[in-house]
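Structure at a glance
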Amino acid sequence: MLTQPSSPAEQMAYNSLHEFLQASSQRVRPKAESRVNTTSHPNRTVREDPKMFRFRDTLIGGKGPLLWAGFVFLLHSAGLAFLFSPITGLFDKQPVIEQDWGLHFHHLASMEGFWRHDGQLWGYNPFFMAGYPSNTIQDLSIKLFELLALLLSALGLYPIQAFKLVVFLAMAAVPWVMYFTARNLLDGAIAAPIAALLGTAYWWNSLPREMFFYGMVGFPAASYLSVLTLSLFYRVLKSERAFSLAHVACVVALVVTLPLHFQPVLILVLPALVLFVTRWRSLNLKAVLWLGGGIFVSLLVNLVWLLPLFTHRGDDVSSSMVGQLALFLSSDPLTFLKDYLKPAGYWTFRASYWENGLRWMLLILGSMGLVQLMRNDRRDVGIMMACGVLSLFLLSYFGSLLPFFRGWQPLRFKVPYDLFLVLTSSYLVGLWREARISGLKSTLVSVLLVCGALTFLINLIHTESKNSMRLRTRVLPEVREIVEWIQVQAPKDARVLFEESGDETGFVYDGMYLSSFIPHATGRQLIGGPINLYNDRHHFAEFHSGILFKRDIVEFTDEELRAYFRVYNIGAVVAFHPRSVQRLLSVPELVSLDRRIGAIHLMKLNQPLDWFLKGKGGIETGWNLVHGFNIRGDEVILKYHWTKGLVSNPPARIEPVKILDDPIPFIKIINPPSEFTLRIGK
């Protein structure tokens, strides 16, 4: 260190030496603000532009990946919003009318009715099928959306308005779900934004996009959330800390996955067990306790809807529905090849090869990525991912061969299967982008990415340019006329026999399940609906596409029709199928045509209308409510279905009694009071 001079001569010498040292420093050291990177080549040294160097740092490190994921999120969200027709339909109080969206509206409206009436989330529903326990086994795929919508309604939103917004946000979160999943599982700064991009492209390219239109909104969201949950499992297991944000996020994910859809158990269980085994030696007790506690908390929080589910599990007839309409099923052992090679996939709206392009890219890149994961230092992640891919592959393409899995509609598990491939593909692309793979393998990655991107863009343009999968919130005037006729002309003291239409007859009510909306709009009770096929055994009392009470309508005799119409207290009929119209109008002096709207025939019945098969009195109904008054007779039999848990106030002796071929008994009350109220619950 130089000391300060004490004389003028020393001061001059000191200044000269100081200037010399500064000049030497400038000659041997680059400026601090001039950051230069050099790359050696055999014959030259290339100096990279400092600005380009900083730009690359921004993309790969720091906030770059987060910004890329945010850009994908904004683009994806804008696209989702424009799927609503009109776009204001995303925010207003009108329900989406497309197909299963109508069924969700019915479930949400009934849950709201039960909650407003007596603070329950489920109860006795007198508006369909002569009464049944509603919101128990029927709406398991959207419980989370229903509960959040009901909660948000306390802020002043209409429940259906909140429901649409919650579903929209769940779908809009796809880029972030894939981003953080990759961050939790994979090495490399570039893998996370690539996963966000590929996971979002897959949503638009394949089954999740179609499910969104059709109203199957629970399963795709649950599939994306399941891979995130697995990644949080991994973070908790490898964490040395007793508490972190990952621990809390894991518990929250376990809590919300279950009410989002009940099938993710088949996605999560096997990969999670494999992860436990591969990390067995490094497991710590605190991590195991956190995961066990998370599962316990999830079950405890969800008991509010799980208990009614278990109570009425015997009413579930999903397996028989599979026989009536083969949704996401294929017993062909070559299903895998046909799904990837045929121009039309299984349960798809697209009749072209273009959808397969991105999926082939994910299959090849994902398989290569799995190999790389297990070769590198991420063998535990690689083994878990391989287990997920293999188990979901077998379930998707061969599960239909096993009776146990047929009711789960195995082909829908293509979604989580492809999401595992998205993650392993992202890992491989990250290695390629960071120049950690070379040669023929690097060339193959480049070619596959280009081909996948081109086929994705062609498929996207081809699909969206047709405007065939927009989510409408406006009904045609003709459909509105049907509803108005029911409200004005159908007797208030009787039910409407409503013929529903689905895929089997091309959704004749303008692409919607109209029966889902009618009781909520008119206050009338229906025999038929809320869709053409339902997973509840009470749905024997239904009418769709020429099928009445599970039989072809032409097979009924006049006497049988009269008997059923009396038992179900039918006062009006809405029918469209030629067999139905011809058979109903052929019954002498029973059915008369009142009006026609296109192919829809609106008819009235000529028979005494009464809510009692035995006894006399008056009946009023509401959500979880059958109110009898002015009751006369030693015993009465109501034209309403008996169900487990039904109680009377004041107490009365209630017995089930079978009528005709209906598998569900009707309500019989011994020595009834002159006035009573029937409901499910306390």
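Residues numbered from 1 in each chain as written. Predicted model: local features only at pLDDT ≥ 70, side-chain atom pairs only at ≥ 80, totals over all residues. Heavy atoms only, no water.

**Some words on the side chain of Q525**
Using the following cut-off: Only DSSP runs of H or I with at least four residues qualify as helices, and only runs of E with at least two residues qualify as strands; both kinds are numbered from the N terminus onward. A 1.4 Å probe rolled over the protein chains alone gives each residue an accessible area, and that area as a share of the maximum for its type sets the label: buried under 20%, exposed over 50%, partly exposed in between. Residue contacts are counted whenever heavy atoms from the two residues lie within 4.5 Å of one another.
Turning to its location among the elements, Q525 is positioned in strand β8 (residues 525–527). A relative accessible area of 7% places Q525 in the buried class. In this structure Q525 touches P126, F127, R495, V496, W611, T621 and Y640, once residues within four positions along its chain are discounted.

**Looking at the confidence of the model for the protein chain**
What counts is decided by this rule: Every residue is assigned a pLDDT by the predictor, reflecting its confidence on a scale from 0 to 100.
Averaged over all residues, the pLDDT of the protein chain equals 88, while 89% of them reach at least 70. Segment residues 1–10: pLDDT under 50, and 7 contacts once partners within four positions in sequence are set aside and those in other chains are kept. Across residues 20–48, where pLDDT falls below 50, the model places 20 contacts with residues more than four positions away in sequence or in other chains.

**Some remarks on the pattern of salt bridges**
So the rule is basically this: For this document, the term salt bridge refers to a Lys or Arg side-chain nitrogen within 4 Å of an Asp or Glu carboxyl oxygen.
A full pass over the atoms with the stated rule returns 26 salt bridges. R209 is paired through a salt bridge with E464; the nearest N and O atoms lie 2.9 Å apart. Of the two residues, R209 is situated in helix α9 (residues 207–214) and E464 in helix α21 (residues 439–464); the sequence distance between them amounts to 255 residues. Among the ionic contacts, a cluster of salt bridges with common partners joins D339, R359, K414 and D418.

**Some points on the side chain of S501**
Rules: The term polar contact refers here to a pair of N or O atoms within 3.5 Å; inside protein, the definition further demands a hydrogen-donor-capable atom paired with an acceptor-capable atom, and it admits residues adjacent in sequence only when both atoms are side-chain atoms.
Along the chain, S501 falls in the loop between β7 (495–498) and α23 (518–522). The class of S501 is buried, set by a relative accessible area of 0%. A polar side-chain atom of S501 sits 2.7 Å from a polar atom in the side chain of T505. What S501 contacts, discounting residues up to four positions off in sequence, is G506, F507, V508, Y509, Y513, N532, S545 and F576.

**Focus on a nonpolar patch on the surface**
So the rule is basically this: Only residues whose relative accessible area exceeds 30% and that form no salt bridge are eligible for patches; like-charged ones are grouped when within 9 Å, while nonpolar side chains (Val, Leu, Ile, Met, Phe, Trp, Tyr) are grouped when within 5 Å. In short, Shrake-Rupley with a 1.4 Å probe defines the accessible areas, and a residue's cover is counted only from the protein chains shown.
A surface patch of nonpolar side chains, amounting to about 670 Å² of accessible area, comprises F296, V297, L300, V301, L303, L307 and F310. Relative to the helices and strands, F310 resides in helix α14 (residues 303–311).

**Focus: the packing of helix α8 (residues 191–205) against helix α20 (residues 414–433)**
Here is the rule we go by: Here, axes are lines fitted to C-alpha atoms. For helices the fit covers the stretch in contact, and angles between N-to-C directions go from 0 to 180 degrees. Note: crossing handedness is left-handed where the near helix turns anticlockwise from the far helix by less than a right angle, and right-handed where it turns clockwise. Only Asp, Glu, Lys and Arg are considered charged in this grouping, and only Ala, Val, Leu, Ile, Met, Phe, Trp, Tyr, Cys and Pro are considered nonpolar; every other residue, Gly among them, is considered polar.
Orientation of α8 relative to α20, taken along the N-to-C sense of each, is 145 degrees, at an axis distance of 8 Å. For α8 against α20, the interelement crossing comes out right-handed. Residues A191, I194, A195, L198, G199 and Y202 of α8 form the contact with α20, whose own contacting residues are K414, V415, D418, L419, V422, L423, S425, S426, Y427 and V429. Tallied by class, residues from the contact of α8 with α20 come to 11 nonpolar, 3 polar and 2 charged.

**Examining the nonpolar core**
To keep things clear, this is the line we draw: In plain words, nonpolar cores are sets of buried Ala, Val, Leu, Ile, Met, Phe, Trp, Tyr and Cys residues tied together by side-chain atoms within 4.5 Å.
Counting 175 residues, the largest nonpolar core has F212, Y417, Y568 and V574 as the members making the most contacts within it. It is helix α10 (residues 218–238) that provides the largest number of residues to this core, a total of 13 residues. Apart from residues no more than four positions distant in its own chain, F212 is found in contact with L80, L83, F84, W101, V167, M171, W203, V217 and L471. Listed in part, the 17 residues of the second largest apolar core include V626, I631, L638 and L678.

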